[in-house]
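# Structure at a glance
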Amino acid sequence: MSRIGIIGTGSMGSMLTRKFIESGKVSPGDVFIYNRTPEKMNDLVNNYGAIGCAGNGEVAGRSDIIFLCVGPDEVKDVLPEIRPFLDGKKLIVSIVSDVPLKKLSELSGVNVVRVIPSITSEYGAGVSVLVFGEEVPQFAREEILSLFGSISRSYVTTEDKISLLSDLTSSSPAIIASIMQQYALAGVRRGGISIEDAEFLVRETFTGTAKLLSGNDYDFSSLISGVATEGGITAEGLDVIEKEIPEVFDNVLSRMSEKHLRVEENSL
Ligand SMILES: NC(=O)c1ccc[n+]([C@@H]2O[C@H](COP(=O)([O-])OP(=O)(O)OC[C@H]3O[C@@H](n4cnc5c(N)ncnc54)[C@H](OP(=O)(O)O)[C@@H]3O)[C@@H](O)[C@H]2O)c1
């Protein structure tokens, strides 16, 4: 396995560092990390054995695959710092939203892979969406797929689809949690139940629903029809959902799509 560099150990960079090490795909002594606020590296260095570096250049110099885990506004500071340490054998994996492959390749001079990971990898679940630059060699593709396959399902796509797929995957935990919260709040507005109890009931039911869906017995449609018998109580609620929710979700995706474009325009 290659030596891995992680630039930016915020929530996603630290999650990837921990999970890659825990997966056993990479040994801690082959993981080189740096964060602008160095204290954020402490846990990864002291408890996971990652090697803390003095700067982004050192990470790039000591690694074969360099993960960019900073915000979209911060890429323009990082790339010039690491470029002198890059050669044609090195690979950049960018998890940064809305900074295109072409710009990343031009500014780094090396092959680039874009990945949209998900916070659900914390539990080895969910989907990582990957787009490979055209020139990325087969062995490197396999290594990246193996790494992300150890912490999630992998879904390879083309760059024109990455924003939409990121909305359906990495944004989804927040969207789903918000829907659950709104359902619990509606229960509270009906009266007679505390928010704590309503959230407990909905959360536990959601967890059970996710388990039902993760097996082979149900897909969305069969689970819906299995619970909502025709003419029954649940069918009344579903009727409202089917009439009113499509427009809501069209608006959700539309607003996120507009934001992707604005972030891309301002990123580099
Ligand atoms: N969160 C998600 O679920 C998710 C999912 C998919 C993709 N992403 C993408 O992943 C990227 C990181 O997201 P995040 O949620 O992990 O953000 P975050 O928690 O803010 O982490 C970004 C980290 O980058 C560090 N950093 C900034 N500039 C740096 C520099 N010049 N050199 C070294 N480190 C630097 C920051 O350090 P400081 O402590 O000094 O600020 C911070 O710790 C974003 O581009 C985001 O779009 C996020």
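A quick note: this is a predicted structure, and the numbers were derived from the prediction, not measured.

The next point concerns the sheet that holds strand β4 (residues 65–68). Spatial strand order, β3-β2-β1-β4-β5-β6-β7-β8: eight strands in an open sheet with mixed pairing. Each edge of the sheet is formed by a strand with only one pairing partner; in this case those strands are β3 (51–52) and β8 (153–156). When strand β5 (residues 91–94) meets strand β6 (residues 111–116), the two strands line up parallel, connected through four bridges. Bridging from a neighbouring strand, I92 pairs with V112 of β6. Strand contacts of helix α5 (residues 101–108): β4, β5, β6 and β7 (127–132), with the helix running at about 140° to β6, the strand carrying the most contacts. Strands β1 (4–7), β4, β5, β6, β7 and β8 of the sheet are contacted by helix α6 (residues 138–149), whose axis makes an angle of about 165° with β7.

A word on the packing of helix α8 (residues 172–190) against helix α9 (residues 195–214). The contact between α8 and α9 brings their axes to 9 Å, and the two run at 135°. With respect to α9, the axis of α8 lies oblique. Crossing geometry of α8 relative to α9 is assigned as right-handed. In this structure, α8 contributes I176, M180, Q181, Y183, A184, L185 and V188 to the contact, and α9 contributes I195, A198, E199, V202 and F206. Split by residue class, the contact of α8 with α9 holds 10 nonpolar, one polar and one charged.

What follows covers the packing of aromatic side chains. On inspection of all chains with the given rule, the structure shows three aromatic pairs. Ring plane angle 85° and centroid distance 5.5 Å describe the contact between F20 and F148, whose orientation is recorded as edge-to-face. With a gap of 128 residues between them, F20 in helix α1 (residues 11–23) and F148 in helix α6 connect regions that are remote in the sequence. Of the two residues examined, F20 and F148, each falls in the buried class. Taken together, a centroid distance of 6.1 Å and an interplanar angle of 45° make the contact between F67 and F148 tilted. Separated by 81 residues along the polypeptide, F67 in strand β4 and F148 in helix α6 bring together distant segments of the chain. Take F67 and F148: they sit in the same class, and that class is buried. Taken together, F20, F67 and F148 form an aromatic cluster joined through their ring pairs.

Conventions used here
- Residues numbered from 1 in each chain as written.
- Predicted model: local features only at pLDDT ≥ 70, side-chain atom pairs only at ≥ 80, totals over all residues.
- Heavy atoms only, no water.
- Pairing = 2+ DSSP bridges.
- Helix = DSSP H or I, 4+ residues; strand = E, 2+ residues; numbered from the N terminus.
- Contact = heavy atoms within 4.5 Å.
- Axes fitted to C-alpha atoms, helices over the stretch in contact; angles between N-to-C directions.
- Parallel < 35°, antiparallel > 145°, perpendicular 65-115°, else oblique.
- Left-handed = near helix turned anticlockwise from the far one by under 90°.
- Nonpolar A, V, L, I, M, F, W, Y, C, P; charged D, E, K, R; others polar.
- Phe/Tyr/Trp six-rings, centres within 6.5 Å; stacked < 30°, edge-to-face > 60°.
- Buried < 20%, exposed > 50% of the residue type's maximum accessible area, 1.4 Å probe, protein only.

By themselves, these observations are geometric and do not establish any function.
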